[in-house]
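Spelled out, the chains give:
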Amino acid sequence: RVQQWKNFFAERGVGPEDIPKALVVHEAVGMSWFAGSWAVCYAVQPARFLASKVSAERAHQAFQAAERKLHSWSTFLDRVPGLRSSNRSRL
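Each chain carries its own residue numbering, running from 1 in the direction its sequence is written. Restriction of local features to residues with pLDDT of at least 70 applies here, the model being predicted, together with a cutoff of 80 or more for giving and counting side-chain atom pairs; totals for whole chains, interfaces and linings are based on all residues. As a rule here, side-chain values come from all non-hydrogen atoms in the structure, and water together with hydrogens is ignored.

### Digging into the overall build of the protein chain
From N to C terminus, the protein chain includes six helices and zero strands. Within the protein chain, the proportion of its 91 residues that are buried is 9%. About 7,900 Å² of surface is accessible on the protein chain, with carbon and sulfur atoms providing 66% of the total. Comment: elements are numbered from the N terminus, with helices defined as DSSP H or I runs of at least four residues and strands as E runs of at least two. Accessibility here uses a 1.4 Å probe with only protein chains present; expressed as a share of the type maximum, an area under 20% marks a residue as buried, one over 50% as exposed, and anything in between as partly exposed. Per-residue and other accessible areas were derived by the Shrake-Rupley procedure at a 1.4 Å probe size, with only the shown protein chains allowed to occlude residues.

Spelled out as C-alpha cells, the structure:
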C-alpha cells in the first residue's frame, strides 16, 4: 500500500522535500481564507442584517445579550494589540 503512494507521488514529481512547501502553502491558503472571511463579515455585519429581518425587540435583546458576553471578554480584548482600539460594538 505504501509503495502505491510512493509511485503515485513519484509519477507526479513530488518528493519528501516538497512536504514543507506544501504545508506552508496549505497554511497560507487557510489563513487567507480565515482573514478574508473575517474581514468580509466585519465589514458587512451579516448578523445585523439578519437581525433586522426579525422583530426589533428580539434583535435588541439578542444584541444586549451579545454585548454582555463581550464585556466578559473585555480584559482579553485589552490584551490583544489589534483589538484595543477597535470599536467594541462592532466586534
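### Some details on helix α2 (residues 19–44)
The span you would expect from a helix comes to 1.5 Å times its residue count less one. Taking 1.5 Å of rise per residue, 26 residues should cover 38 Å, and α2 covers 37 Å from first to last C-alpha, within 8% of that figure. Among the 26 residues that make up α2, zero are buried, leaving the element largely open to the surroundings. One or two residues past the end of α2 sits Q45, with phi positive at roughly 55 degrees.

### A word on the confidence of the model for the protein chain
Confidence along the protein chain averages 84 in pLDDT terms, with 89% of residues attaining 70 or more. Per-element confidence in the protein chain ranges from a low mean pLDDT of 70 for helix α5 (residues 74–79) to a high of 95 for α2. Scored between 0 and 100, pLDDT is the confidence that the predictor attaches to each residue.

### Observations concerning the pattern of salt bridges
What makes a salt bridge here is a side-chain nitrogen of Lys or Arg within 4 Å of a carboxyl oxygen of Asp or Glu, nothing more. One pass over the structure, following the stated rule, counts two salt bridges. Two residues, R12 and E11, come together in a salt bridge whose shortest N-O distance is 3.6 Å. One salt bridge in this structure joins K21 and D18, with 3.4 Å as the shortest N-O distance.

### Some words on a nonpolar patch on the surface
Residues form patches when they are more than 30% accessible in relative terms and have no salt bridge. Like charges link within 9 Å. Nonpolar side chains (Val, Leu, Ile, Met, Phe, Trp, Tyr) link within 5 Å. Taken together, the side chains of W5, F8, F9 and V14 present a nonpolar region at the surface, about 370 Å² in accessible area. Looking at where F9 falls in the secondary structure, it is placed in helix α1 (residues 2–11). Among the residues examined, F9 registers a relative accessible area of 37% and is labelled partly exposed.

### Some details on α1
Across the ten residues of α1, zero count as buried, placing the element largely on the outside. Looking one or two residues past α1, G13 carries a phi angle of roughly 75 degrees, positive in sign.

### Here's the deal with the packing of aromatic side chains
A pair of aromatic rings is counted whenever rings of Phe, Tyr or Trp (Trp by its six-membered ring) have centres within 6.5 Å, and the orientation is called stacked for planes under 30 degrees apart, edge-to-face for over 60 and tilted otherwise. Summed over all chains, the structure comprises four aromatic pairs. Between F8 and F9 the ring centres are 5.2 Å apart and the planes differ by 80 degrees, which places this aromatic pair in the edge-to-face class. For F8, a relative accessible area of 34% puts it in the partly exposed group. Three or more aromatic residues link up through ring pairs in this structure, and these residues are W5, F8 and F9.

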